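In case you want the letters, here they are:
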Amino acid sequence: MTTGLIPWAAAVAAVIVALGVVPVAIRLIAGPSSADRAIATDMLGLLGVCLAAITALIAGHAAFLDIALGIALVGFLAAVAFARLMERAAAAPERGAAE
């Protein structure tokens, strides 16, 4: 491991990101609506991307950046899928009233 400012800054960033998981987990568990839980799940994915990038910086292995990219892509697809689900759920009562 190298000496200098970057390992210390990465360690501080990892602690901050890890502390960010706590309120997101609370929102995921106690979220009053499914939209709150979906946003919390998306935020956990973003925190996972941050942790993978910080791990790549600390460890010096670029493979962790590939992991971060994979997490980001899965998170994006999950957010799009949830948006379509919410759109269909909102359109279902309108179709029932029109018939």
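For the structure, see preceding data.
Residues numbered from 1 in each chain as written. Predicted model: local features only at pLDDT ≥ 70, side-chain atom pairs only at ≥ 80, totals over all residues. Heavy atoms only, no water.

## Section: helix 2 (residues 34-59)
Working step 1: The end-to-end C-alpha distance of helix 2 is 37 Å, a good match for the 38 Å that 26 residues give at a rise of 1.5 Å each.
Working step 2: For helix 2, the full list of buried residues reads Ala40, Gly45, Leu47, Val49, Ala52, Ile54 and Ala56.
Working step 3: Phi turns positive, to about 80 degrees, at glycine 60, one or two residues after helix 2. (Helix = DSSP H or I, 4+ residues; strand = E, 2+ residues; numbered from the N terminus. Expected span 1.5 Å × (residues − 1). Buried < 20%, exposed > 50% of the residue type's maximum accessible area, 1.4 Å probe, protein only.)

## Details of the nonpolar core
Working step 1: One finds Ala10, Val17, Val24, Ala40, Leu47 and Ile54 forming the largest nonpolar core, which totals six residues.
Working step 2: Where this core is concerned, the elements lending two or more residues are helix 1 (5-30) and helix 2.
Working step 3: Every residue in contact with valine 17, bar those within four places of it in the chain, is listed here: Leu47, Cys50, Leu51 and Ile54. (Core = buried A, V, L, I, M, F, W, Y, C linked by side-chain atoms within 4.5 Å. Contact = heavy atoms within 4.5 Å.)

## Some thoughts on the packing of helix 1 against helix 2
Working step 1: It is at 9 Å that the axes of helix 1 and helix 2 come closest, and there the two elements cross at 165 degrees. When the axes of helix 1 and helix 2 are compared, the pair comes out roughly antiparallel. Where helix 1 crosses over helix 2, the handedness of that crossing is left-handed.
Working step 2: Within the contact of helix 1 with helix 2, the residues separate by chemical class into 20 nonpolar, two polar and three charged. (Axes fitted to C-alpha atoms, helices over the stretch in contact; angles between N-to-C directions. Parallel < 35°, antiparallel > 145°, perpendicular 65-115°, else oblique. Left-handed = near helix turned anticlockwise from the far one by under 90°. Nonpolar A, V, L, I, M, F, W, Y, C, P; charged D, E, K, R; others polar.)

As far as function goes, none of this settles anything; it's purely spatial.
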